[in-house]
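Structural characterization, general
As a plain string of letters, each chain reads:
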Amino acid sequence: CVVLCWGGGKPSIWDQSRLHKDFWASYKEVNRLFNAEASRVMLPGDSAWVHDYHLALLPKFMESTQINQFGRRTTNTIFFLHIPFPTSQVFRELEYGEPILEGMLSADVVGFHAFDHARHFLNASKRLMGLNYESKFGGLIGLQYRGRTVMVSTSHVSIEPTVMTTAMDDANVKKIAADLRKKHEGKLILAGVDVAQKLSGIPLKFLAFEKLMDDYPVYQRKVVLVQRCFVPQNRKGDEKQTLIDVHRIVERIKSKFGRACIDYEEVVASELPIPQRVGLWLAADVFFTSAIREGLNLSPLEYVYCKGMSTPGVVVCSEFSAACNILNGALRINPFDVQQTSAVLDMALKMDISEKETRRGRDLDFVSTRTASKWSKHVLRDLREAVDASSKEDGSNVVSDGELMKLPHVNQGNVLTAYNATESRVIICDYGGTLLSKEAPGKYLKKDISATSGRQPRPEVMSSLTRLCADPKNTVFVVSGVNRRELEGSLGKIPGLGLAASNGACFSWPSEVEGGERVWKGFQFGVDWEEVKAVAIPIMSKYAARTNGSSLKVLDLSLCWSFFSSDPEWGAIQAKYIVPELQEKLKAFDIQIVTLKGQVEIVPKLLHKGIVVKRILREISSKKGVFPQFLMVVGDDKSDEPMFNATFDFLAEQVNPEISTFTTNRLSVATLQSGGSGSFDSADPTATARPRGVSDSHIRRLSHEPGLQLPKYKKENQFAFTFTVGRKTSNATEFIYNSRELEELLVNLAKGESGEIINRRGSNLSGGSWDDQHTVDASFYEV
């Protein structure tokens, strides 16, 4: 466990091969055992506080157990890490880094001792998992994870004053301090206590001391370094090499400046006993630490307290230690800069009493009052605030037109009941992010080159779509932003499936002859697309060349600059600049520039998915002579919001046809060549230009072709379901957690009344259950 996780913070090359194949299995098993015992004693409403890297998977195991038993999370959890969290560059070298993040993020609060450690955790979450975070009122940081907010806090615990005071009054401790002063009588004492491991930076401490002796010869007979190393024997290879290095440097320094310049001892123990520590603090003039990575270490705080009632001392503290962030009176050093460190030691040794008192005064109040009990109350307060804040938020990342609402989770039983009770059904689904899961655009290294291209939905989705399309009562359409060729290549072989490509710019009804060729039709928007491409492509090509991993895609009726596969931060910065440049150059054209997940797209101003949805619903009603009794429309992002609006407009127009607005503005429909990405004719002479003063909400309700005759409205049972993927603000009526839950719903619909309902993934598990957006499989955390 120590090698696996604590070694991940080591600022050197990470050698994955040194981990035994059973290490990870053993680590998981330890977390399972703790989960079994915790689940046995914990009751709904309890709070759990999980400490340190040994149990990083425990919050997820506990959550999975609660979901299995109660169908929801029943406890609130804190996970506090007492070691530094490594940079994302180092952390992603871990083979199982992502499961560790998943485990930590299953807590309500993730705590660290220093913001530096929290920042690395936030960056790793963003780089590895594409998660976004923001500052929250009250000093917490909110991390959006699967529909809920995980709070990240930083706080440091101090010492127990009563324990230290008791030790200081102990006669044995006073004797230890007196013996040290007598042993080094007439000398100033530099003191340090460190674990004998590489991250403690002990060799760097001795190098700085050697430099002090060389550069300031006056100290050679006036200063002694008293160093105590304890050897816990939990990283034997590291400890052995560290001690070899220390022994070599100590012998060299003693040979140069005499045996009395260093007082060095080793203790085989997990820590130096309190009497020896306190005795050393009372005797020392300067506390000296040179850690190159350090989490919780109370030694410098103990020193400040011990010197609080006597002659003040000076703390020389590594900038890589957690204590550096809380001791305002300490002198800070970079232990790798040996010259600077020796100069700071000289400053500490020469410091006058008034400055020492001033520096001690900056820290003594915190050190004396932030006890473990008080610190615990503060962390528990963070937990209460996190739970309260998360319950008030819906994790919105999508802002859509129209009325915004907080959505309930889908009730699959209601959907299945309505489906089985109806004879005329329409199912319309988005593709990427809905039927096909997509990696978060914020991930630094994505496993898929493209969000959708060259990928197919899971076999369960394909087979369910096939069965649904085979039912004569159903009309099933997939509406996507990809072009005709890609969409047809992925889904075109499913018999009876309708397709709409390029955000609805073109669509294809299923062939009436089995195995027949598809006939594609497309809307024409009165835009000279060749002129648009002539202006836009050079600009977009320039940004593609300057942004590694980005690409330019020419679709049926849009141009897309995709930064999905680029560095997410660099891509987002570039997107901020390409949009205004395109807007300025294309202001003479009737187009709009849309920024979606990982891409910037140029489309006709009148184009959105709602147009083709309205068209599909009207044609079905016209052909069958009856309005559909069952409607289900599913999408996942801002581009799918018009599909929901169009569905509601269609339902309203059934009752009152006059509600259909602006019937003089018509879009003509042309038959396109089948296959290929193709292109549309430039300007359609039959299309009417958009009149001035017409609002976008009116434009969304574009009239159908005159040839379509809608049936008369009959009052009957009619069911309409609109679902958005992910918990967020939307014009949909309900949300589903992820693509896997939609897969489950489609499987259940395909079974109809004949099969057993599956409901494994539709849970409140972290605001969403496991999906294939991540490499961690659902079975990983099964209990």
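Residues numbered from 1 in each chain as written. Predicted model: local features only at pLDDT ≥ 70, side-chain atom pairs only at ≥ 80, totals over all residues. Heavy atoms only, no water.

Focus: the overall build of the protein chain
- When you go through the protein chain residue by residue, the secondary structure sums to 24 helices and 25 strands.
- Burial status across the protein chain gives 56% buried among its 783 residues.
- Long-range contacts, defined as pairs at least 24 residues apart, comprise 73% of the intrachain contacts of the protein chain with a sequence gap of at least 6.
- Only carbon and sulfur atoms are counted for the fraction: they give 52% of the accessible area of the protein chain, which is about 33,200 Å². (Helix = DSSP H or I, 4+ residues; strand = E, 2+ residues; numbered from the N terminus. Buried < 20%, exposed > 50% of the residue type's maximum accessible area, 1.4 Å probe, protein only. Contact = heavy atoms within 4.5 Å. Areas by Shrake-Rupley, 256 points an atom, 1.4 Å probe, with all protein chains shown as cover.)

Quick notes on the sheet that holds strand β21 (residues 599-604)
- Strand order in the open sheet formed by four strands is β18-β19-β21-β20, with antiparallel pairing between adjacent strands. On the outer flanks of this sheet lie β18 (551-554) and β20 (591-596), each paired with one strand and no other. Neighbour-to-neighbour, the strand axes of the sheet open up by a mean angle of 20 degrees, direction not taken into account.
- Bridging between strand β19 (residues 559-562) and β21 involves four bridges; their strand directions are antiparallel. Residue pairing in the sheet places C560 in a bridge with E601 of β21. (Pairing = 2+ DSSP bridges. Axes fitted to C-alpha atoms, helices over the stretch in contact; angles between N-to-C directions.)

Some points on the nonpolar core
- Core analysis: the largest hydrophobic core is formed by 49 residues, its most contacted members being I428, L582 and I602.
- It is helix α19 (residues 529-546) that contributes the most residues to this core, seven residues altogether. (Core = buried A, V, L, I, M, F, W, Y, C linked by side-chain atoms within 4.5 Å.)

Some words on the layout of surface pockets
- Quantified by volume, the second largest pocket comes out at close to 930 Å³.
- Taken together, the elements giving at least two residues each to the lining of the second largest pocket come down to α7 (161-169), β7 (188-195), α11 (274-283) and α12 (299-306).
- Top contributing element to the lining of the second largest pocket by residue count: β7, with three residues.
- When the residues that make up the lining of the second largest pocket are grouped by side-chain class, the tally is 17 nonpolar, eight polar and eight charged. (1 Å grid on protein atoms, 1.4 Å probe; cavity = no way out; pocket = protein on both sides within 12 Å on 5 of 7 lines; lining within 4 Å. Points joined across faces, edges and corners; volume = space filled by probe spheres on them. Nonpolar A, V, L, I, M, F, W, Y, C, P; charged D, E, K, R; others polar.)

Here's the deal with the packing of helix α17 (residues 459-470) against helix α24 (residues 739-751)
- The N-to-C vectors of α17 and α24 enclose an angle of 35 degrees; their axes lie 9 Å apart at closest approach. As α17 runs across α24, the sense of the crossing is left-handed. Residue-level inspection shows E460, V461, S464, R467 and L468 of α17 in contact with α24, the latter providing E743, L746, V747, L749, A750 and K751.
- A breakdown of the residues in the contact of α17 with α24 according to their chemical character gives six nonpolar, one polar and four charged. (Left-handed = near helix turned anticlockwise from the far one by under 90°.)

Looking at unusual backbone geometry
- Despite not being glycine, D52 shows a phi value in the positive range, around 75 degrees.
- Note on placement: D52 falls in the loop between β1 (47-51) and α3 (58-70).
- The buried category is assigned to D52, whose relative accessible area is 12%.
- The residue N503 is not glycine, and still its phi comes out positive at about 60 degrees.
- Tracing the backbone through its elements, the reader meets N503 in the loop between β15 (497-501) and β16 (506-509).
- Exposure remark for N503: the relative accessible area of 10% places this residue in the buried category.

Focus on the pairing of strand β3 (residues 109-112)
- Side-chain alternation along β3 places V109 and G111 on one buried face and V110 and F112 on a second face that is also buried.
- The pairing of strand β2 (residues 76-80) with β3 spans three bridges and is parallel. Looking at β3, one finds that I78 is bridged to V109.
- Two strands pair when backbone bridges link them, and β3 and strand β6 (residues 148-154) are joined in this way by four bridges, in the parallel orientation. Following the sheet pairing, G111 is matched in β6 by S153.

Side note on the confidence of the model for the protein chain
- Summarising the model, the protein chain shows a mean pLDDT of 82, and 81% of its residues fall at 70 or more.
- Ranking the elements of the protein chain by mean pLDDT puts helix α23 (residues 696-699) last with 33 and strand β10 (residues 286-288) first with 96.
- When the criterion is pLDDT under 50, residues 394-405 qualifies, and its contacts beyond four places in sequence or with other chains add up to 28 contacts. (pLDDT = per-residue confidence, 0-100.)

Considering α17
- Here α17 is 12 residues long and its end C-alpha atoms lie 17 Å apart, about the 16 Å a rise of 1.5 Å per residue gives.
- Those residues of α17 lying buried are V461, M462, S464, L465, L468 and C469. The buried side chains of α17 occupy one side of the element, clustering within an arc of 165 degrees when seen end-on. For α17, the exposed residues set more than 90 degrees away from the buried face come down to P459 and A470.
- Tucked into the core, α17 has its buried residues touching α16 (412-420), β13 (425-430), β14 (474-479), α18 (484-491), β15 and α24. (Expected span 1.5 Å × (residues − 1). Arc of directions from axis to C-beta.)

As for the packing of aromatic side chains
- A complete count under the given rule lists 24 aromatic pairs for this structure.
- Ring centres of F85 and F112 lie 6.4 Å apart, and the angle between their planes is 90 degrees; this geometry places the pair in the edge-to-face category. Residue F85 is found in the loop between β2 and α4 (88-91), and its partner F112 is found in strand β3; the two are separated by 27 residues along the sequence. Just as F85 is buried, F112 falls in that class too. (Phe/Tyr/Trp six-rings, centres within 6.5 Å; stacked < 30°, edge-to-face > 60°.)

Notes on the sheet that holds strand β8 (residues 223-230)
- As summarised here, the arrangement of the six strands in space is β9-β8-β7-β10-β11-β12, forming an open sheet in which the pairing is parallel. Bordering the open sheet on either side are β9 (262-267) and β12 (331-333), each of which pairs with just one other strand. Taken pair by pair, the neighbouring strands of this sheet meet at an average axis angle of 20 degrees, ignoring direction.
- In this sheet, β9 lies alongside β8 in parallel orientation, the contact comprising six bridges. Bridge pairing in β9 places Q227 opposite Y264.

Some details on the state of the cysteines
- With the rule as written, the count across this model stands at zero disulfides.
- Left without a disulfide partner, C317 is nearest to the cysteine sulfur of C324, which lies 5.2 Å away.
- Taking the relative accessible area as the measure of exposure, C317 reaches 0% and is therefore buried. (Disulfide = S-S within 2.5 Å.)

A word on a nonpolar patch on the surface
- Among the surface-exposed residues, W570, I573 and Y577 lie close enough to one another that they form a single nonpolar patch of about 330 Å² accessible area.
- Relative accessible area serves as the criterion here: at 39%, I573 is assigned to the partly exposed category. (Patch = residues over 30% accessible without salt bridge, like charges linked within 9 Å, V, L, I, M, F, W, Y side chains within 5 Å. Salt bridge = Lys/Arg side-chain N within 4 Å of Asp/Glu carboxyl O.)

Description of helix α5 (residues 97-105)
- Burial within α5 is extensive, with nine of its nine residues counted as buried.
- Looking at α5, one finds that the buried residues are G97, E98, P99, I100, L101, E102, G103, M104 and L105.

Focus: the pattern of salt bridges
- On inspection of all chains with the given rule, the structure shows 38 salt bridges.
- Ionic pairing is found between E210 and K256, a salt bridge with its closest N-O pair at 3.1 Å. With E210 in helix α9 (residues 202-215) and K256 in helix α10 (residues 236-257), this pair connects stretches of sequence that are 46 residues apart.
- Here K256 falls in the partly exposed class, since its relative accessible area comes to 42%.
- Its salt-bridge partner being E251, residue R259 comes within 3.2 Å of it at the nearest N-O pair.
- Residues joined in a network through salt bridges with shared partners are K60, E63, R73, D108 and R148.

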